[in-house]
Amino acid sequence: MQFKQTRQGYVDALIELAREYPNLVVLDTDVAMATKTCDFQKAFPDRFFNCGIQEQNLLSVAAGLALEGFIPFATTFGVFATCRAGDQLRNSIAYPKANVKVAATHCGSSTGGDGASHQANEDIAIARSFPSMTVLVPGDYEEAKQATKAAAKFKGPVYLRFGREAYPVVEEIHGAFTIGKAKVLRDGRDVTIITTGIMVSEGLKAADALKEKGHSARVIHMPTVKPLDTEVLLQAASQTRGIVTAEEHSILGGLGEAVAGFLAEGCPTCVLRVGVNDIFGESGTAEELLNLHGLRAKNIVEKALAILKDTD
Amino acid sequence: MTTTTTELATPLSAGVILPDKLAHLNHKAQAIRRDIVTMVFHANSGHIGGSLSATELLVALYYGIMRHDPKHPQWRERDRFILSKGHCTPVLYAVLADCGYFPKEDLACFRRPGSHLQGHPYQPKTPGVEASTGTLGLGLSTALGMALGAKLRGHSHYYYVLCGDGEMQEGQIWEAAMFGHKYALENVIAFVDRNRLQTDGNTEEVMPLDPLGAKWRAFGWNTFEIDGHDISQIIKTVQQAKACEGKPIMILANTVKGKGVSFMENRAEWHSGPPNPVEYECAMKELHDAV
């Protein structure tokens, strides 16, 4: 299995996009080596702006550039983009529908050794709570490229979520990318697994494990957390016995709550969430932390089996 | 009285202001003040004090300095004005309406549901509003982003920004100060409405700002200090500022909060909130008598 970074996919896409969009510019906040925008800087030095350690200024400056017709990709770590500069994300970008692409790297527990202060486990919740925000959470390097290209083409504010680690490349998700459209990776009748971001590979592994136990699991990958693909959700809710969501994010406010909230009103269904519980993280390797927080295929399987047992 | 487009699109040259033009602008400032007080009275909320302190600044900018055309709000070469102290929409809306960006009757809908005149500036809805601001500190950064964009394209228009003095307590202002210096955004001419009062009292008691000019100079900006109620001085200073190269400009405009209404002047409690009917009548009488 091949492993590649989603943040690298982001920057590789930017370099391709820069030729197509002369008004595309990239901003960073003294983390260009970490976010990989240093590669863009090398290729297009006149279109790269380092704001220094100024995440609040970053987002408002980006909004100003957007008002002048540029497509700014404002890049920083997820904790800074949503928490440190939450006001600017809301009032400079989301509220006036500024055509800014906020690219957040180092999201989720797999950020690793830096510990809880730098692990964005709440960013999806914050970003999706702002009206007019589109929230994209790609699952691998290739999908990160697709999402970045879709964001450049899209008119309006987009929050793009990337991680730090090299994650498995998942061929199944490399089909056409459309904002707001889920990708149905496996058909199944018994239970549905819905993943976002890097949890897609765990979701597929879980489906395999369930198959060995004689259960048919549908696997839906949702690289767009907002707007939700409600059609696919309604089908899953009506055609299978329950849903397990899986995300590298808090169970509060992320994919799981978005799915559960929609279905509670649209088609009441059992929804069990795999995600980081209501606790802060800690230092460790990505591997150790994904295990610690229960973000593994086996955790998805446990929840799926609980649904199947309850609905027998 | 509505100003003609030709008059607006042609700024005064080289700081030469004829006495009758100056009298006309001072007269206009009083009319704008009456609109401010009336808007806040009818809306039963809003920010009078800081709107009255900034009235001459906006009148000087919109009628004596900026190149703009209300009939073509998206004209690419227009100068832009960004109200970073976003709560002072009464003065901005009164001036924009008077210029003809939208009908003056709209002012009666300030802060009402469905109105395009929101409590704080909202660029997508209001003709003439260049950037959405409100929470303090955002506007200066946004203006710098816009100015950077204009510089990248080789455009020569200016970005005028009005900050509050209380706003200088926001950390983001000093992030913006560094950014403006780094990118040498000489197309930015910012003002601080130095009325020395904020919601909870005197700025120097709430969180001291002085020496404010020295702070901006230390951050690499050119600074000027003026009487913010002297329209002639505002216009002349902007002319001087345009002659400076390589640095953004910060003009400290010393003003009086609540200027023009005796019982509102230098009173922090008039930062926000409406006058009652008796206060409204008194204020309007003073503003009429002063003309």
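The model shown is predicted, which means the values in this text are computed figures rather than measured ones.

Cut-offs used in this document
Residues numbered from 1 in each chain as written. Chains lettered and ligands numbered in written order. Predicted model: local features only at pLDDT ≥ 70, side-chain atom pairs only at ≥ 80, totals over all residues. Helix = DSSP H or I, 4+ residues; strand = E, 2+ residues; numbered from the N terminus. Rg over C-alpha atoms; globule rule 2.2 N^0.38 Å. Buried ≥ 20, exposed ≤ 12 C-beta atoms within 10 Å, placed from the backbone. Contact = placed C-beta atoms within 7 Å. Axes fitted to C-alpha atoms, helices over the stretch in contact; angles between N-to-C directions. Parallel < 35°, antiparallel > 145°, perpendicular 65-115°, else oblique. Left-handed = near helix turned anticlockwise from the far one by under 90°. Nonpolar A, V, L, I, M, F, W, Y, C, P; charged D, E, K, R; others polar. Expected span 1.5 Å × (residues − 1). Pairing = 2+ DSSP bridges. Domains from an automatic or database assignment. Core = buried A, V, L, I, M, F, W, Y, C linked by C-beta atoms within 7 Å.

Q: What's the story with the overall build of chain B in this structure? I'm lost.
A: What chain B contains, in helices and strands, is 11 helices and seven strands. For chain B, whose C-alpha radius of gyration is 18 Å, the value lies close to the compact-globule estimate of 19 Å for 291 residues. Across its three principal axes, chain B shows a C-alpha extent of roughly 50 × 45 × 40 Å. For chain B, buried positions account for 51% of its 291 residues. Within chain B, residue pairs in contact and separated by at least 24 positions form 78% of the contacts whose partners lie at least 6 positions apart.

Q: Could you clarify how one ought to interpret the overall build of chain A in this entry?
A: Along the backbone of chain A there are 13 helices and 14 strands. The C-alpha atoms of chain A give a radius of gyration of 19 Å, which matches the 20 Å a tight globule of 312 residues would have. The buried share of chain A, taken over its 312 residues, is 62%.

Q: Help me understand the packing of helix H4 (residues 55-65) of chain B against helix H10 (residues 231-243) of chain B in this model?
A: Relative orientation and spacing of two packed helices are given, respectively, by the angle between their axes and the distance between those axes. Residues and elements named next belong to chain B. Interhelical geometry of H4 versus H10 gives an angle of 60 degrees and a closest axis separation of 9 Å. Relative to H10, the element H4 lies oblique. Two packed elements cross with a definite hand, and for H4 against H10 that hand is right-handed. Contacts between H4 and H10 involve Glu 56, Leu 57, Val 59, Ala 60, Gly 64 and Ile 65 on the former and, on the latter, Ile 231, Ile 234, Ile 235 and Val 238. Its residues placed into classes, the contact of H4 with H10 shows eight nonpolar, one polar and one charged.

Q: What is the right way to look at helix H1 (residues 6-20) of chain A in this model?
A: Given 3.6 residues per turn, any residue in an α-helix points the same way as the ones three and four places further on. For H1 of chain A, built from 15 residues, the straight-helix expectation of 21 Å at 1.5 Å per residue is met to within 8% by its first-to-last C-alpha distance of 21 Å. Of the positions making up H1 of chain A, those classed as buried are Thr 6, Arg 7, Gly 9, Tyr 10, Val 11, Asp 12, Ala 13, Leu 14, Leu 17 and Ala 18 of chain A.

Q: Teacher, can you tell me more about the environment of Phe 41 of chain B here?
A: Residues and elements named next belong to chain B. With respect to the helices and strands, the residue Phe 41 is situated in helix H2 (residues 19-43). The sequence separation of Phe 41 and Ile 231 amounts to 190 residues, and the corresponding C-alpha distance is 27 Å. Those residues within four positions of Phe 41 in sequence are excluded, and the remaining contacts are Pro 274, Pro 275 and Tyr 280.

Q: Even after reading the chapter, I still don't get the pairing of strand S5 (residues 101-105) of chain A, so can you show me in this structure?
A: Side-chain positions along a regular strand alternate between the two faces of the sheet. Residue and element names in this part refer to chain A. In terms of burial, S5 is a largely internal element, five of the five residues being buried. Burial along S5 is two-sided: the residues Lys 101, Ala 103 and Thr 105 and Val 102 and Ala 104 are all buried. Two strands pair when backbone bridges link them, and strand S4 (residues 71-77) and S5 are joined in this way by five bridges, in the parallel orientation. Opposite Thr 76, over in S5, you have Ala 104 as the bridge partner. Bridge analysis of S5 against strand S7 (residues 158-161) gives four bridges, and the strand direction is parallel. Residue pairing for S7: Ala 103 is matched across the bridge by Leu 160.

Q: Help me understand the domain arrangement of chain A in this model?
A: Where interface size is quoted, it is often the accessible area lost as the parts come together. Residue and element names in this part refer to chain A. With domains assigned, chain A is organised as domain 1 (3-168) and domain 2 (175-310). Just the C-alpha atoms count here: the centres of domain 1 and domain 2 sit 25 Å apart. Across the boundary between the two partners, domain 1 contributes 30 residues, which contact 32 residues of domain 2. Where the side of domain 1 that touches domain 2 is concerned, the elements lending two or more residues are helix H7 (123-129), strand S6 (134-136), helix H8 (141-153) and strand S8 (166-168).

Q: Could you clarify how one ought to interpret the interface of chain A and chain B in this entry?
A: With 21 residues of chain A in contact, the opposing surface of chain B contributes 22 residues. Contributions of two or more residues to the side of chain A that touches chain B are made by helix H4 (55-67) and helix H6 (86-94) of chain A. At nine residues, H4 of chain A tops the list of elements feeding residues into the side of chain A that touches chain B. In terms of residue class, the side of chain A that touches chain B is made up of nine nonpolar, nine polar and three charged.

Q: Would you mind showing me how to read the nonpolar core here?
A: Across soluble globular proteins, nonpolar side chains show a tendency to be buried alongside one another. Val 102 and Leu 160 of chain A together with Val 161 of chain B are the most contacted members of the largest nonpolar core, which has 181 residues in total. Of the domains in this structure, domain 1 (3-168) and domain 2 (175-310) of chain A are the two that each give at least three residues to this core.

Q: How should the sheet that holds strand S11 (residues 217-221) of chain A be read in this particular structure?
A: Either a parallel or an antiparallel arrangement is found when strands of a sheet pair, and the pairing is made through backbone hydrogen bonds. Residues and elements named next belong to chain A. With mixed pairing, five strands are arranged side by side in an open sheet as S9-S11-S10-S13-S14. Each edge of the open sheet is held by one strand with a lone partner, namely strand S9 (183-186) and strand S14 (271-276). Pairwise comparison of adjacent strand axes, ignoring direction, gives a mean angle of 25 degrees for this sheet. Pairing between strand S10 (residues 191-195) and strand S13 (residues 243-250): four bridges, direction parallel.

Q: Before we go on, may I ask you to explain the pairing of S4 of chain A in this structure?
A: Residue and element names in this part refer to chain A. The element S4 is largely enclosed, with a buried count of seven among its seven residues. With four bridges connecting them, strand S2 (residues 24-28) and S4 associate as parallel partners. When the sheet's bridge partners are listed, Leu 24 is paired in S4 with Ile 71.

Q: What am I meant to see in the packing of H4 of chain B against helix H5 (residues 89-99) of chain B here?
A: Residue and element names in this part refer to chain B. For the pair H4 and H5, interaxial distance at closest approach is 10 Å and the crossing angle is 30 degrees. As summarised for this structure, H4 and H5 are arranged roughly parallel, according to the angle between their axes. Along this stretch, H4 crosses H5, giving a crossing that reads as right-handed. From H4, Thr 55, Leu 58, Val 59 and Tyr 62 reach across to H5, where they touch Val 91, Leu 92, Val 95 and Cys 99. For the contact of H4 with H5, a count of residues per class yields seven nonpolar, one polar and no charged.

Q: Sorry if this is basic, but what is going on with the sheet that holds strand S12 (residues 224-226) of chain A here?
A: All names here are of chain A. Pairing is mixed in the open sheet, where seven strands are placed in the order S3-S2-S4-S5-S7-S6-S12. The open sheet is flanked by strand S3 (48-50) and S12, the only strands paired with a single partner. Taken over all neighbouring pairs, the strand axes of this sheet differ in orientation by 20 degrees on average, direction set aside. Relative to S7, S6 runs parallel, the two being bridged by three bridges. Bridge pairing in S7 places Thr 134 opposite Val 158. Sheet strands in contact with H8 are S2, S4, S5, S6 and S7, and its direction is about 170 degrees off that of S7.

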